[in-house]
Structure formats: structure tokens, C-alpha cells
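Structural overview
Listed here are the chains, written in short residue letters.
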Amino acid sequence: MKEEQIKKAYELAKARYAEFGIDTDKAIETLERTPISLHCWQADDVVGFERNEAASGGIQTTGNYPGKARNIDELRQDIDKVTSLLAGHMRLNLHETYGEFGGQFVDRDQVEVKHFQGWMEWAKERNMKLDFNSTSFSHPKSGSLTLSNPDKSIRDFWIEHTKRCRRIADAMGAYQGDPCIMNIWVHDGSKDYTVEKLRYRQILKESLDEILAENLPNMKPCLEAKLFGIGLEAYTVGSHDFYAGYCAKNNVIYTLDTGHYEPTENVSDAVSALLLFVPELMLHVSRPMHWDSDHVTLFDDNTRNLFSELVRADALDRAHIGLDYFDASINRIGAYIIGVRAAQKSLLQAFLEPLDTLRKYEDEGKLFERLALLEEAKTLPVGAVYDYFNLKNNV
């Protein structure tokens, strides 16, 4: 589409939205400064640079499309390519297995800040902030249980790993002058019926208490629940119930991964409930299909509803937005672009909702008018505004 056509379409859209009292320029400015954290593991199918092995431990990547990043240089080239095709503000989310280990094997209870110094410098050159994740899967000591393992030697290994990851995240936050958001997810669970559910959750609670006891001011930890994993279908120690309670009691950020719920669940309903009891949310935006299959995020009802709830709750400043999927069946750069743009379009549509009028109708009991306006808003020309957002940012 030619520039003049985009500009003309935008002027028409701007006038249309103005009829509802909506400032499209302001919506675009808000979208430009709302960061989205790219997940590094889409580029290489969650392999990392520790063992060069496929992901295991409750997760699985499918597909063999050519072009997987095989080393840090190729992964960084992929991220540079992705960001060149995107407007807006991007962060980068790293797993611990993506450190620069210099060709040496560094076990996970020995990882140090120095293994991520190169990433910090690379990101700073691009004015890109880093986020971080501990990595409990794809390791000989992973098994079915890590932080909830009754075997003290294994449990202590993973406790030490997670403590070290928190210190790395704190160093990242200090270096970049902005808190690093560090996600903790463990795959712990059981393939078949479990008798000692309470015991494993008690152990997980005690492990987390020890891990989070250290005061690290330049990072923010968040805890991620899961429904189940491959090979761990019957029982998940770190369930939604467990982490909702733990985060509320301990004032910890809750990670809401849209791929970790049944496709028929309206995950957006959890936003307003959790925000009453936890300080902030971390959003991992993904797409489940029958299970936590981590399909590429789309501009679909679930994604739109998620961001609508966030904006309706005036909670944009209490949420961190990241992506989390790993599709190896299509071009990986293309997968990044589709997912980020789907999240951006969903955010933009939420910013362009005639919220003041909708709230007024609701307060006045005008339920027909509320429903009619919600329907009308669905077909307002958000696409023309998004095209102009990209053009304005030379994409």
C-alpha cells in the first residue's frame, strides 16, 4: 500500500474515531511507548547454548522448518532482523540456557553474571532492556520434580540455580537502569494420579521462600503457573491455585501465560481478579490449541479480551507484556512478526475503545446501548490506524 493511501485511510479513521470521542494520535503514542518483551527461544526452538539438545521436561517443540539459530551470533542476527520489521518498543527475554559459556559446560548451579555480560552490552547498544528466566527443564536433574523434589540434593541444586538467576537478573537491572523481570517456572508434576499432592506443594513453597528471601532491588521476580505438561498430565505442583495464593500472600508478581489454560477458558477474566491481590502481572501471550502447544499469537478473541481487560482496569502500569511461543513449523522470523503485531493490534484496539461512553452507559443501566456500542466498536477501522502506526515508525 502506498504511503498516501495509508495516510488518507488514517485521516478517515481518525475522523470516524473522533465521532466517539477517541484521539487516535494519543492511542498511537501510547502504543509506541508500551514495551513488548520478545522471547529469544522462538529463534532456536528452545534449545539454548548449554547442551544443544531439544527441549524436554513437560514442553515440546514441533516442526523442522529450516533456519533455526545455531549459535548466539545467529540468534542475535535474527533478533536484529525482527526488530527492523517492527514498530514500537521491544525488550528481550532470555532463558538461563542462552548464556555465553565460551564453549565450556557450565552447570546450572554454577552460572554467573559474567555469562550474560555480553548480552547486556549487546542490548544496551540497541537501547533494548533485558528480562530473564531460570531454566529447570532439559537437564539430567530435571526429572519430574525440581524445586518440589523430596530429594534434598536435587532440590538444593535447583534452589541454587534459581538464586543465581535472580542475581543475574539483578545485575541486568542495575546495568540497564530498569528492573529486569525474572520469571520462575518449573515443570514439576506427575504423569499419573498423585497421592502426596500437599507434600510436594509444601516443599515448593519452602523452596520459593528460600529463593525469594534475598533482597535484590534491581529485579522483579514473577511466578508462572501451568495446567499440565507433556508427560506430566495428571498433576502440576505449581498450579494456578498454588501460585495465586502464594503471590497474593507474598506480594509477588503473578505470570499469566495464556497458553497454560484450556482453549475454552476466558483467561482475561483472571486479570481483574488477580490485580486485587497481587502487585503486578507478567503476561506471557501465547495461543493454546488443545494443550499448551504454544502456537503463534493471533489477533483473536482471547488476545483482544486480555488487553481490553488490562486497559479497562487502568492497569497498564501494573503489567509487563511478553510473548511465549515456539513454532518450528513456519519461518521463525515470520512467527515473531505475526505474534508481536497481533499483540500490538490487540493493545491498539483496547486503547481505541470508547471506554468513557461504555462506562457511562453501564453506570446508568443502559445495557442495550452498552451492548450496541461494544458491537459497533468491533468494526471501527483499527487496521487503518495500525497501518499508520507502522508508517509513522518507518516500518
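Keep in mind the model is a prediction, meaning the values are calculated, not measured. For every chain, the first residue of its written sequence is number 1, and the numbers climb from 1 along that sequence. Only residues with pLDDT of 70 or above have their local features reported here, since the model is predicted, and side-chain atom pairs are shown and tallied only from 80 upward, although totals for entire chains, interfaces and linings are computed over all residues. Hydrogens are left out, water is left out, and the side-chain values use all remaining heavy atoms of the structure.

Concerning the overall build of the protein chain
This is how the line gets drawn: Each helix is a run of DSSP H or I of at least 4 residues and each strand a run of E of at least 2, with the numbering of both proceeding from the N terminus. Burial status follows relative accessibility: with a 1.4 Å probe on protein chains alone, a residue under 20% of its type maximum counts as buried, one over 50% as exposed, and anything between as partly exposed. The contact criterion used is simple: two residues touch if any of their non-hydrogen atoms lie within 4.5 Å. Here, Shrake-Rupley sampling with a 1.4 Å probe gives the accessible areas, and only protein chains in the shown set may cover a residue. Positive residues here are Lys and Arg, negative ones are Asp and Glu, while His and the chain termini are left out of the count. The atoms used to mark charge sites are NZ of Lys, CZ of Arg, CG of Asp and CD of Glu.
Helix and strand content of the protein chain: 13 helices and ten strands. Once the C-alpha set of the protein chain is aligned to its principal axes, its extents read approximately 65 × 45 × 40 Å. In the protein chain, which comprises 395 residues, the proportion classed as buried is 54%. The long-range share in the protein chain, meaning contacts at least 24 apart out of those at least 6 apart in sequence, stands at 80%. Accessible area for the protein chain stands at about 17600 Å²; split by element, carbon and sulfur atoms hold 49% of it. Distance between charge centres in the protein chain, computed from 46 positive and 62 negative side chains, equals 1 Å.

Some remarks on the sheet that holds strand S4 (residues 180-184)
Filter applied, for reference: When DSSP locates at least two bridges between a pair of strands, those strands are taken to pair. Only the contacting stretch of a helix is used when fitting its axis, a line to C-alpha atoms as for every element, and angles between N-to-C directions run 0 to 180 degrees.
The sheet built from eight strands closes into a barrel, its strands ordered S1-S2-S3-S4-S6-S8-S9-S10 with parallel pairing. Strand-to-strand twist of the sheet, defined as the mean angle between neighbouring strand axes without regard to direction, takes the value 30°. Where strand S1 (residues 36-39) and strand S2 (residues 90-95) come together, four bridges link them in parallel fashion. Counted as the bridge partner of histidine 39 is asparagine 93 from S2. Packed on one face of the sheet, helix H7 (residues 240-250) meets strand S6 (219-224) and strand S8 (253-257) and runs near 155° to S8.

Comments concerning helix H10 (residues 332-351)
Put simply, the test is: Expected span, for any helix, means 1.5 Å times one less than how many residues it has. In protein, a polar contact means a hydrogen-donor-capable atom and an acceptor-capable atom, both N or O and within 3.5 Å, with residues adjacent in sequence counting only if both atoms are side-chain atoms; elsewhere, any N or O pair within 3.5 Å suffices.
Between the first and last C-alpha of H10 there are 29 Å, a value that for 20 residues agrees with the 28 Å anticipated at 1.5 Å per step. With 16 of its 20 residues buried, H10 lies for the most part within the structure. Residue asparagine 331 occupies the N-cap position of H10, its side-chain oxygen lying 2.9 Å from the main-chain nitrogen of isoleucine 333.

Things to note about helix H13 (residues 382-392)
Every buried residue of H13 is accounted for by Val382, Ala384, Val385, Tyr386, Phe389, Asn390 and Leu391. Tucked inside the fold, the buried residues of H13 contact helix H1 (3-18), helix H2 (24-32) and H10. Asparagine 394, located one to two residues past H13, shows a positive phi value of around 60°.

Let's talk about the nonpolar core
Selection rule: Residue types Ala, Val, Leu, Ile, Met, Phe, Trp, Tyr and Cys, when buried and joined through side-chain atoms within 4.5 Å, form a set referred to as a nonpolar core.
In this structure, Leu92, Phe132, Tyr254 and Leu256 are the most contacted members of the largest nonpolar core, which totals 110 residues. For this core, the element with the most residues is H10, which contributes ten residues.

Let's talk about a nonpolar patch on the surface
Going by this rule: Two distance rules govern patches: like charges are joined within 9 Å, and nonpolar side chains (Val, Leu, Ile, Met, Phe, Trp, Tyr) within 5 Å, applied only to residues with over 30% relative accessible area and no salt bridge. The working definition used for a salt bridge is a side-chain nitrogen of Lys or Arg within 4 Å of a carboxyl oxygen of Asp or Glu.
There is a patch of nonpolar side chains on the surface, built from Leu298, Ile330 and Ile338 and spanning about 210 Å² of accessible area. Here isoleucine 330 is to be found in the loop between strand S10 (319-323) and H10. The partly exposed category is assigned to isoleucine 330, whose relative accessible area is 31%.

Thoughts on the pairing of S6
Among the six residues that make up S6, five are buried, leaving the element largely enclosed by the rest of the structure. Inspection of the sheet shows S6 paired to S8 by three bridges, in the parallel sense. Looking at S8, one finds that cysteine 222 is bridged to isoleucine 253.

As for the packing of H2 against H10
Definition in use: Every angle not falling under 35 degrees, over 145, or within 65 to 115 is termed oblique; those three ranges are roughly parallel, roughly antiparallel and roughly perpendicular. Should the near helix be turned anticlockwise from the far one by less than a right angle, the crossing is termed left-handed; should it be turned clockwise, right-handed. Each residue gets one of three labels, nonpolar for Ala, Val, Leu, Ile, Met, Phe, Trp, Tyr, Cys and Pro, charged for Asp, Glu, Lys and Arg, and polar for the others, Gly among them.
Across the interface, H2 lies against H10 with an axial gap of 9 Å and an inter-helix angle of 140°. The angle between the axes of H2 and H10 places the two elements in the oblique class. Considering only the axes of H2 and H10, their crossing is right-handed. Side by side, H2 and H10 meet where Ala27, Thr30 and Leu31 of the first sit next to Gln344, Leu347, Leu348 and Phe351 of the second. In terms of residue class, the contact of H2 with H10 is made up of five nonpolar, two polar and no charged.

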